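Summary of the model geometry
Residue strings, one per chain:
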Amino acid sequence: MARTALVSGGTRGIGAAIAVALREAGYTVGATYVGSDDAANEFRNRVGIPVFKWSVTDYEACGEGVAQVEAELGPIDVLVNNAGITRDAMFHKMTPAQWREVIDTNLTGVFNMTHCVWNGMRERRFGRVINISSINGQKGQAGQANYSAAKAGDLGLTKALAQEGARVGITVNAICPGYIGTDMVRAIDEKVLNERILPLIPVGRLGEPEEIARCVVFLASDDAGFITGATISANGGQYFA
Ligand code: NDP
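Source: prediction; values computed, not measured. (Residues numbered from 1 in each chain as written. Predicted model: local features only at pLDDT ≥ 70, side-chain atom pairs only at ≥ 80, totals over all residues.)

Points about the nonpolar core
By size, the foremost hydrophobic cluster in this structure holds 60 residues, and its most contacted members are Ala-5, Ile-18, Ala-19, Leu-22, Val-80, Ile-212 and Val-216. Beyond its immediate chain neighbours, meaning those up to four positions away, Ile-212 contacts Ile-14, Ala-17, Ile-18, Ile-175, Pro-177, Ile-180, Gly-207 and Ala-234. (Core = buried A, V, L, I, M, F, W, Y, C linked by C-beta atoms within 7 Å. Buried ≥ 20, exposed ≤ 12 C-beta atoms within 10 Å, placed from the backbone. Contact = placed C-beta atoms within 7 Å.)

Printed below as a string of structure tokens:
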């Protein structure tokens, strides 16, 4: 029987590419979202992947959402923690709300989602948790103290859970994308992108969402069963962790 995968923030950007790639690899896939119903339904109608709405910041909602996904699609074998936001500001201008929103979504959201699938994976003695962190969690980024802290936290969480999951058949890994051509990066001022960011990327281009998706498909596969606690950097040579 096909394994079931759930991708948070899976209806656009990197998450949508991951959901489609996992489906093409034979998984039964669900994708979560939090914002526009119209956009999510357009994705569902276009690609035929069921969509589920809740915020990863809400632990209760994660529990109810996971139960609904499992009732409709089957026990979740693969969880991809992809949902993420930015609220950029230099630290001296960063508000407590900007700090909290990013930590709540990008770090606590990963705890919430993973905690809600973890016991099921333990009982079934199989699981794959794949966390989408960031190059800026590895190296830090001015203007992103909140985001860098959350994404670095995801790497610590990945390594701790890898140790806890190892004896019960669960692998936990992280992917650190560099700059990928999605809404998140399109929100960056074009001049800044062209003059200050692109020159830092040795391959001379942004990454494609599908290039991250293919890493996820590998980490989810049986071929990756001996890989846990690892971080895959996919950043066009911009930074070697
Ligand atoms: P997008 O902004 O294009 O998409 C973000 C996704 O996260 C959306 O699907 C959004 O849902 C979802 N989301 C946001 N907040 C919540 C929430 N509270 N609950 C549930 N879902 C939520 O981002 P990208 O595709 O660019 O990024 C995906 C991941 O990759 C993020 O974790 C990001 O930090 C990381 N990343 C991205 C890089 C890049 O260059 N693009 C580089 C490094 C890391 P909705 O569609 O409903 O708004």
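Concerning the sheet that holds strand S4 (residues 76-81)
Taken together, the seven strands give an open sheet; going across it, the order is S3-S2-S1-S4-S5-S6-S7, and neighbouring strands pair in parallel fashion. One side of each edge strand has no neighbouring strand; the edge strands of this open sheet are strand S3 (51-53) and strand S7 (231-234). In this sheet, adjacent strand axes meet at a mean angle of 20 degrees when their direction is disregarded. Sheet topology places strand S1 (residues 4-7) next to S4; four bridges connect them, and they run parallel. By the bridge assignment for S4, Val-7 is matched with Val-80. Most of the contacts of helix H4 (residues 96-124) go to S4, to which it runs at about 165 degrees, and overall it touches S4, strand S5 (127-132) and strand S6 (170-177). (Pairing = 2+ DSSP bridges. Helix = DSSP H or I, 4+ residues; strand = E, 2+ residues; numbered from the N terminus. Axes fitted to C-alpha atoms, helices over the stretch in contact; angles between N-to-C directions.)

Notes on the UniProt feature "domain: Ketoreductase" (unreviewed entry) in the protein chain
Residues given the UniProt feature "domain: Ketoreductase" (unreviewed entry) here are residues 3-178. End-to-end, the C-alpha atoms of residues 3-178 are 29 Å apart, and along that stretch the chain is 53% helix and 19% strand. (UniProt positions renumbered as here; feature names shortened; annotations may be inferred.)

Some points on unusual backbone geometry
One non-glycine residue, Arg-125, adopts positive backbone phi at about 60 degrees. In this fold, Arg-125 is placed in the loop between H4 and S5. Look at Arg-125 and you get exposed, because 10 C-beta atoms sit within 10 Å.

A short note on the pairing of strand S2 (residues 28-33)
With six of six residues buried, S2 is to be regarded as a mostly interior element. Where burial is concerned, the two faces of S2 agree: the one with Thr-28, Gly-30 and Thr-32 and the one with Val-29, Ala-31 and Tyr-33 are both buried. The β-α-β motif built from S1, the intervening helix H1 (residues 13-24) and the parallel element S2 has right-handed crossover chirality. The pairing of S2 with S3 spans three bridges and is classified as parallel. (Right-handed = clockwise from strand over helix to strand, strands pointing away.)

Digging into the site of the ligand
Lining the immediate environment of the ligand, one finds 28 residues, of which Gly-9, Gly-13, Gly-35, Gly-84 and Thr-182 sit closest. Those elements giving two or more residues to the shell around the ligand turn out to be H1, S2 and helix H7 (183-186). Residue composition of the shell around the ligand, grouped by class: twelve nonpolar, 14 polar and two charged. (Near = placed C-beta within 6 Å. Nonpolar A, V, L, I, M, F, W, Y, C, P; charged D, E, K, R; others polar.)

Looking at the environment of Val-20
By the secondary structure assignment, Val-20 is in helix H1. Along the sequence, Val-20 and Glu-210 sit 190 residues apart, while their C-alpha atoms lie 9.1 Å from each other.

Considerations on the pairing of S1
Residues Thr-4 and Leu-6 line one face of S1 and the alternating positions Ala-5 and Val-7 line the opposite face, and both faces are buried. Both S1 and S2 contribute to a ladder of four bridges, which runs parallel. Bridged to Ala-5 within S2 is Val-29.

Things to note about the packing of H4 against helix H6 (residues 145-165)
A pair of packed helices is captured by two measures, namely the crossing angle of their axes and the spacing between those axes. Two elements in contact, H4 and H6, have axes separated by 8 Å at closest approach and are oriented at 15 degrees. As far as their axial angle goes, H6 and H4 are roughly parallel. Helix-helix and strand crossings are classified by hand; for H4 and H6 the assignment is right-handed. Taking contact as the criterion, the partners of Gln-98, Trp-99, Val-102, Ile-103, Asn-106, Leu-107, Val-110, Phe-111 and Thr-114 in H4 are, on H6, Asn-146, Tyr-147, Ala-149, Ala-150, Lys-151, Gly-153, Asp-154, Leu-157 and Leu-161. Tallied by class, the residues present in the contact of H4 with H6 amount to eleven nonpolar, five polar and two charged. (Parallel < 35°, antiparallel > 145°, perpendicular 65-115°, else oblique. Left-handed = near helix turned anticlockwise from the far one by under 90°.)

Looking at the packing of H1 against helix H9 (residues 209-220)
Packing of H1 against H9 leaves a shortest axis separation of 8 Å and a crossing angle of 50 degrees. If you check the angle between H1 and H9, you find them oblique. Considering the relative orientation of H1 and H9, their crossing is right-handed. Of the residues in H9, those in contact with Gly-13, Ile-14, Ala-17, Ile-18, Ala-21 and Leu-22 of H1 are Pro-209, Glu-210, Ile-212, Ala-213, Arg-214, Val-216, Val-217 and Ala-220. Looking at the contact of H1 with H9, its residues break down into eleven nonpolar, one polar and two charged.

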